[in-house]
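For reference, the chains in residue letters:
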Amino acid sequence: MLAGGRAVGWIDQFMRTTNFSVTELADVLDRTGWAVLPGRADQLEAVGFALGVPVASRFGGSLIDVLEPRSPSNAAPRSLSANYGLGDFPFHIDGAHWRVPPRYLLLTCAASSDPTCSTLLWKWRSGIAEAGLRLFEDALYRVRDSSRSFYAHAFPGNRSFLRADPGCMVPMNTSATICTGIVAKLAGTACTEILWKPGDLVVVDNWTTLHARRRAKGDGTRRLCRMLVKENSHGCF
């Protein structure tokens, strides 16, 4: 899982500045789906490079994105903010419109004047029964991107991740419509809430854990920094 070459320096930095190893962090992510590192925002890059290969969320973009609540008129086209504005965001993974979504999602809190604008996390592997998992294998969606669209099931053949994002995925059969409702219902009743404090770092296993955002009081009332990380053995986009 660990990157070679340049990343060795980032792993050494991570080991020196945290109280646990990358292996221990990976074990926590495997058990719970996420890890909260209070006061570790300055370690965003070190943790990202230690876990795998950081990738930009869009071609030609920066490895670190700044995320702030935006009303639809101020939001980027085709973004969740353009669809949902300052309201609640649905449960989703980042990079659902990529052929292989990034494995890890890293978020740090740079500022927050709205403590109610929290992040919700739901580990779907522990919340969906086997019969439901088989339904997700049959759920077919048209996945929309700015330049292209493709068809994909909610699960790949090995169930390694759950592709979910109502902002870019259109149900194409009955199973997909049902599964979209299942996610909304189950995740909303069995999730963990992250109440952001400046300096916090949260690492999420993007393949096993969906996330959502509670409504915001206004534009720019919370500022997060995001890094997406892929495993060395996987491509993206």
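This text follows the structure it describes.
Residues numbered from 1 in each chain as written. Predicted model: local features only at pLDDT ≥ 70, side-chain atom pairs only at ≥ 80, totals over all residues. Heavy atoms only, no water.

Spatially, the three strands line up as an open sheet ordered β7-β6-β8, and their pairing is antiparallel. Edge positions in the sheet fall to β7 (149–153) and β8 (169–171), since each has one partner strand and no second. When the angles between neighbouring strand axes are averaged without regard to direction, this sheet yields 30 degrees. Sheet topology places strand β6 (residues 140–144) next to β8; three bridges connect them, and they run antiparallel. (Pairing = 2+ DSSP bridges. Helix = DSSP H or I, 4+ residues; strand = E, 2+ residues; numbered from the N terminus. Axes fitted to C-alpha atoms, helices over the stretch in contact; angles between N-to-C directions.)

Turning our attention to the sheet that holds strand β9 (residues 192–194). Taken together, the three strands give an open sheet; going across it, the order is β9-β5-β11, and neighbouring strands pair in antiparallel fashion. The sheet is open, and its two borders are formed by β9 and β11 (209–213), each paired with just one other strand. Averaged over neighbouring strand pairs, the angle between their axes works out to 25 degrees when direction is ignored. Alignment of strand β5 (residues 119–123) against β11, held across five bridges, turns out to be antiparallel. By the bridge assignment for β11, Lys123 is matched with Thr209.

Overall, the coordinates contain 12 salt bridges when judged by the stated rule. The partner of Arg58 in a salt bridge is Asp65, and the shortest N-O contact between them spans 3.8 Å. Accessibility expressed as a relative area gives 10% for Asp65, which makes it buried. Residue Arg214 pairs with Glu193 through a salt bridge whose shortest N-O separation is 3.1 Å. One end of the pair, Arg214, is in the loop between β11 and β12 (222–230); the other, Glu193, is in strand β9, and 21 residues separate them in sequence. Owing to a relative accessible area of 37%, Glu193 belongs among the partly exposed residues under this scheme. Ionic contacts of the salt-bridge type, sharing partners, join the residues Arg58, Asp65, Asp94 and Arg226 into one network. (Salt bridge = Lys/Arg side-chain N within 4 Å of Asp/Glu carboxyl O. Buried < 20%, exposed > 50% of the residue type's maximum accessible area, 1.4 Å probe, protein only.)

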